[in-house]
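Coordinate inspection notes
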Amino acid sequence: MELEETIRNPGYKDAEDGVSAADTSSSDTAERRDSTAVKLDVAADEYTQVKPYAGMPKEVLLLHSSKARYRVPREVLFWLIVCGTLALVAVTITIIVMSPPCLRWWQISPVYQVYPRSFKDSDGDGIGDLKGIKEKLDHFLHLNIKAVWISPFYRSPMKDFGYDVEDFRDIDPLFGNMQDFEELLAEMHNKGLKLIMDFIPNHTSDRHRWFNLSRTRDPHYKDYYVWTDCDPASPKPNNWVSIFGNSSWTYDEVRGQCYLHQFLKEQPDLNLRNRDVVQEIIDLIKFWLEKGVDGFRMDAVKHMLEATHLRDEPQVDPDMPPELVTTEWDLYHDYTTSQVGLHDILREFRAEMDTYSREPGRYRFMVTESYDYEEVEKTMMYYGTPLVTESDFPFNFYLLDLPHNTSGWWAKHLVDLWMSNMPRGKWPNWVVGNHDRSRIGSSAGRIYVRAINLMLLTLPGTPTTYYGEEIGMENINVTQSQIQDPAGKYNASLSRDPERSPMQWNSEMNAGFNSITNTTWLPLHPVYETVNVEVQTEDKGSVLSQYVFLNGLRQSELPFLRGWFCYVLADTNVFSYLRELDGHKGAYLMVINFGKGSATTDLSAVQELPEQLKVLMSTNPANDGKVFQKSRILTEPGEGLVIRYSTYTRFHPNHPAECFVSEKACYLETVDILYKC
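Conventions and cut-offs
Residues numbered from 1 in each chain as written. Predicted model: local features only at pLDDT ≥ 70, side-chain atom pairs only at ≥ 80, totals over all residues. Heavy atoms only, no water. Phe/Tyr/Trp six-rings, centres within 6.5 Å; stacked < 30°, edge-to-face > 60°. Helix = DSSP H or I, 4+ residues; strand = E, 2+ residues; numbered from the N terminus. Buried < 20%, exposed > 50% of the residue type's maximum accessible area, 1.4 Å probe, protein only. Lys NZ or Arg CZ within 6 Å of the ring centre and 35° of its normal. Contact = heavy atoms within 4.5 Å. 1 Å grid on protein atoms, 1.4 Å probe; cavity = no way out; pocket = protein on both sides within 12 Å on 5 of 7 lines; lining within 4 Å. Points joined across faces, edges and corners; volume = space filled by probe spheres on them. Nonpolar A, V, L, I, M, F, W, Y, C, P; charged D, E, K, R; others polar. Disulfide = S-S within 2.5 Å. Expected span 1.5 Å × (residues − 1). Polar contact = N/O pair within 3.5 Å; in protein donor to acceptor, adjacent residues only side chain to side chain. Pairing = 2+ DSSP bridges. Axes fitted to C-alpha atoms, helices over the stretch in contact; angles between N-to-C directions. UniProt positions renumbered as here; feature names shortened; annotations may be inferred.

1. Points about the packing of aromatic side chains
Scanning the entire structure with this criterion turns up 42 aromatic pairs. Between F153 and F181, the ring centres sit 5.6 Å apart and the planes meet at 35°, which makes this aromatic pair tilted. Of this pair, F153 sits in the loop between β2 (147-150) and β3 (154-155) while F181 sits in helix α8 (residues 178-190); the two residues are 28 residues apart in sequence, bridging distant segments of the chain. Here the two residues F153 and F181 agree in accessibility, since each one is buried. Relative to W418, the ring of Y398 has its centre 6.3 Å away and its plane inclined at 50°; by these criteria the two rings are tilted. Note that Y398 is positioned in the loop between β11 (393-394) and α13 (408-419) and W418 in helix α13, a separation of 20 residues in sequence. Each of the two residues, Y398 as well as W418, counts as buried. Put simply, the rings of W105, W106, W149, W329, Y363, F365, Y371, Y373, F393, F395 and F397 touch in pairs and so form one group of aromatic residues. Across from the ring centre of F287, 5.5 Å away, lies the NZ or CZ of R169, which sits over that ring. When the ring centre of Y567 is taken as origin, the NZ or CZ atom of K412, which lies over that ring, is 4.8 Å away.

Given below as structure tokens:
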């Protein structure tokens, strides 16, 4: 028969016993089935008794893992992990949502103004320069200052010491070259410093290429400046007056018209109603932002636009003969300042700067300069609107008037002039000196320098320090023959040279300003041997040491940067205020005597203050650590006290009309964090 694979022959019989293959197959199958059943039963019996062990087969693992004592802990751990993860995510989101915005670098650090001609001379020509600034960068680190504003160093004929710009894209050889600037900027950034440039959008020098093309009526540049027809014999299209005095108009023989200059005749005003001019300015801003500068101080912004009708401005004294109108104080400047459209242009500048602020840590700062005097509401407009940002803040010049009446009442009035008019939530700032105003040590008096620095560094917002104020420099005396300032050459009483004398670094030749030759562009102050950086660094009770201490306190203690500012008392002599933060136990009380005599201040009516108050720092070092009863706080003329006390009782809830806060936050002491409240 034919055999096939895997096919049995059921008819086959064993030769010996005669058993057929079919019977054998059936018997084997039955045996195998019985054997398997027995083995499975045995295994099942063994699985119920054997404990879990390493390397156990899957069947044993599954058998034990389903038992409650293993299953329940596993499920508990799983849900704990899920809940913990969700809680962590929720806490993270809460912290992000509740955390107040981080303060920017221009809020944390004071701004320090460098007048480059007078800061440090590196080449012996008697004029400060960019390399000189680079040599002294460690001074800013010692002061704990991160923001440095440098007055103009563009190429310029120097008719107004750099504010008459011949080329916005070049450095004047007096100060160095572009490589010097780039090296200075790189070194500043390496040290964590920020550079703020002075920028002049209102006018140029009469040597600028644009002006020369405009006066020849080049088709593209003919309207880059403000021109009008006038009589060459009497070039006065109207009664507008320059800041430096006399008519704002000068006849140009090349063009045969008059051009407008709100400053010197060598500083013709740009026509910012011409869109090409605005774009040129924006391109200049981009040029320096590409270089890496961190911000701009926009100069003389209120003068950027003028009324197109060119009408006479109204006289302050209507009875004054028109020919006697020769100073800016003789007119109401209704047509030459703060014109409609001004803020739109500034917002364009701001928008361009914002495109460069997207990189973390590279925010580009903008501050505007506008002396609006009693018209404070005009100054506040430079903050912008709730929807559109303009400048980060406009310079606050009201404390420059402090010497007019040194008293507690007057100090509070000047502070409140800003705080009560500032838009809600905006950041304040304070200026007590600059290159256009007398040094505070000379105008207010030497005894008030320390007290004014104390107030500057403990008020809310950003303080600005003019070079030398940190050591109490004073004005110099300048004779008629020594006058360098163009304004002083027109009128000696208007000279700004006295507040621009060389920086006093040490007791050596030229006060360390120029250590190469015996030359300085202005005379040194005669007291430089005792009033200088080197001497005061070694003296722990000096003006400089107190400045460093106060600035460190301001930046390290939360109530100063984040907390409430509240008026406590103001009288003939004393101005007192406090700084506190919700949730923070520590608070600070400042008591400053701006009067002419000693004062005893009684604060017993202030229930939120403890009975005893310990002085953390006095501008008179002998009083450091002294303890006063709050009903008898003694101060001498020009003395300021910083008093630290501990309490959770806050002053501001009971005195809302006396208190202000900008970057509001609360402190949670248990976990040491700030949160929105």
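2. Focus on the side chain of T228
Secondary-structure assignment places T228 in strand β6 (residues 227-228). Here T228 falls in the buried class, since its relative accessible area comes to 16%. T228 has contacts with P237, W249, Q257, C258 and L310, leaving out every residue within four places of it along the chain.

3. Comments concerning empty space enclosed by the protein
Space left empty within the atom packing is revealed by a probe, the size of a water molecule, rolled over the atoms. With the rule as written, the count across this model stands at 3 cavities of 30 Å³ or more. Of the pockets and cavities examined, the largest cavity occupies roughly 70 Å³. Every residue lining the largest cavity is counted, 14 residues in all, and those nearest its centre are P460, L561, G563, R579 and S662. Per-element tally for the lining of the largest cavity: the top contributor is helix α19 (residues 558-562), with 3 residues. Across the lining of the largest cavity, the residue classes tally to 8 nonpolar, 3 polar and 3 charged. In this structure, the second largest cavity occupies an estimated 50 Å³ of space. Q113, W149, R297, F395, F397, V431, G433, N434, H435 and T464 together form the lining of the second largest cavity. Tallied by class, the residues present in the lining of the second largest cavity amount to 4 nonpolar, 5 polar and 1 charged.

4. Topic: the state of the cysteines
Joining two cysteines, a disulfide is a covalent bond between their sulfur atoms. The final tally for this structure, using the stated rule, is 3 disulfides. Through a disulfide, C230 is tied to C258; the S-S separation comes to 2.0 Å. Linking C230 and C258, the disulfide has an S-S dihedral of approximately 85° and is accordingly described as right-handed. Taken together, the residues span a long stretch of sequence, with C230 in the loop between β6 and β7 (249-252) and C258 in strand β8 (residues 257-260) at a distance of 28 residues. Residues C230 and C258 agree in their burial class; the two are buried. With its sulfur 1.9 Å from that of its partner, C666 forms a disulfide with C677. Looking down the S-S bond of the C666 and C677 bridge, the torsion is 85°, so its handedness is right-handed. Taken together, the residues span a long stretch of sequence, with C666 in strand β23 (residues 666-668) and C677 in the segment after β24 (673-675) at a distance of 11 residues. In the protein chain, the cysteines engaged in disulfides, taken in order along the sequence, are linked 1-2, 3-4, 5-6. We note that C102 lacks a disulfide partner, and the nearest cysteine sulfur, in C677, lies 16 Å from it. On the basis of relative accessible area, C102 is assigned to the exposed category, the value being 69%.

5. Comments concerning helix α10 (residues 275-291)
For an α-helix, 3.6 residues make a turn, and residues three or four places apart therefore share a direction. When the terminal C-alpha atoms of α10 are compared, their 25 Å separation across 17 residues agrees well with the 24 Å that a helix rising 1.5 Å per residue should span. For α10, every residue scored as buried is listed here: V277, V278, E280, I281, I282, L284, I285, W288 and L289. Capping the start of α10, N274 holds a side-chain oxygen 2.9 Å from the backbone nitrogen of D276, two or three residues further along.

6. Notes on the sheet that holds strand β18 (residues 612-618)
One open sheet holds the 7 strands; their spatial order is β19-β18-β21-β16-β15-β14-β22, and the pairing between them is antiparallel. Two strands lie at the open edges of the sheet, namely β19 (627-629) and β22 (659-660), each paired on one side alone. In the packing of α13 onto the sheet, the strands contacted are β14 (564-570), β15 (574-580) and β22, and the crossing angle to β14 comes to about 150°.

7. Topic: the layout of surface pockets
The volume enclosed by the largest pocket comes to roughly 830 Å³. When the residues that make up the lining of the largest pocket are grouped by side-chain class, the tally is 12 nonpolar, 13 polar and 10 charged.

8. As for the UniProt feature "domain: Glycosyl hydrolase family 13 catalytic" (unreviewed entry) in the protein chain
UniProt's feature table lists "domain: Glycosyl hydrolase family 13 catalytic" (unreviewed entry) at residues 113-500, given in the numbering used throughout. In residues 113-500, helix accounts for 27% and strand for 12%; the two terminal C-alpha atoms are 12 Å from one another.

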